[in-house]
Amino acid sequence: KHIQKPHHSFLHTTPFSAFAFHPLDGYIQGFPYQLFILLFPLHSTLHLFSLTMVAMWTINIHDRTTMNIPFVNGAAHHNIHHTTFKSNYGQYFTFWDTFFGTMRSPEVYKKEGEKVENEEEVYGKKYL
């Protein structure tokens, strides 16, 4: 929670917020991509291409432009994650959020009035 705080200080996402994170958070997020290469050798060009695509996707879910593709986590889904702190955790797809009950649909969220919650309401003052 504390290492994600710099990233979540952006309640409303922007392409700049996509890469605004604590260095330890960046290392933890990048570690699986490096571990994968150790377990499954991959050509360096293909690895660089995949990292570039991940970076582009990260910018995409923070740029406020949603294409409304079913089952895909778009910018509207991720913006809800930034404003509620307790839903829409998925990186690429909405399946796991639906499965674990953390999914909040952008359409329903708009109808509810788009309440922006603060961290203290969600976690309590003790954990800030």
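Residues numbered from 1 in each chain as written. Predicted model: local features only at pLDDT ≥ 70, side-chain atom pairs only at ≥ 80, totals over all residues. Heavy atoms only, no water.

(A) The arrangement of the overall build of the protein in detail. Within the protein, the secondary structure is distributed over seven helices and zero strands. Order of helices (α) and strands (β) in the protein, N terminus to C terminus: α-α-α-α-α-α-α. Counting every position in the protein, which comprises 128 residues, the buried fraction comes to 29%. Of the accessible surface of the protein, which amounts to about 8,800 Å², a share of 70% is contributed by carbon and sulfur atoms. (Helix = DSSP H or I, 4+ residues; strand = E, 2+ residues; numbered from the N terminus. Buried < 20%, exposed > 50% of the residue type's maximum accessible area, 1.4 Å probe, protein only. Areas by Shrake-Rupley, 256 points an atom, 1.4 Å probe, with all protein chains shown as cover.)

(B) Local environment of the packing of aromatic side chains. The tally for this structure, following the rule as stated, stands at eight aromatic pairs. Here Trp57 and Tyr92 contribute two aromatic rings whose centre-to-centre distance is 5.7 Å and whose plane-to-plane angle is 40°, an arrangement assigned as tilted. In this pair, Trp57 sits in helix α3 (residues 44-60) while Tyr92 sits in the loop between α4 (75-84) and α5 (95-100), placing the two residues 35 residues apart along the sequence. Since its relative accessible area comes to 29%, Tyr92 is described here as partly exposed. (Phe/Tyr/Trp six-rings, centres within 6.5 Å; stacked < 30°, edge-to-face > 60°.)

(C) Just α4, in detail. The buried count for α4 comes to nine of ten residues, which makes it a mostly enclosed element. Within the span of α4, buried status applies to Ala75, His77, His78, Asn79, Ile80, His81, His82, Thr83 and Thr84.

(D) Looking closely at the side chain of His62. By the element assignment, His62 lies in the loop between α3 and α4. Not counting the four nearest positions on each side in its chain, His62 is found in contact with His7, Thr13, Thr14, Pro15, Ser17, Ala18, His78 and His82. (Contact = heavy atoms within 4.5 Å.)

(E) Geometry of the environment of Thr98. If you trace the backbone, Thr98 turns up in helix α5. Remark: the alpha-carbon pair of Thr98 and Phe71, spanning 27 residues in sequence, is separated by 9.4 Å.

(F) Seen up close, unusual backbone geometry. A positive phi angle, close to 70°, is found at Phe71, a residue other than glycine. Tracing the sequence through the fold places Phe71 in the loop between α3 and α4.

(G) Looking closely at the confidence of the model for the protein. Scored by pLDDT, the protein has a mean of 81; 86% of the residues are at 70 or more. Here helix α7 (residues 119-123) stands out as the least confident element of the protein, with mean pLDDT 57; α5 is the most confident, with 93. (pLDDT = per-residue confidence, 0-100.)

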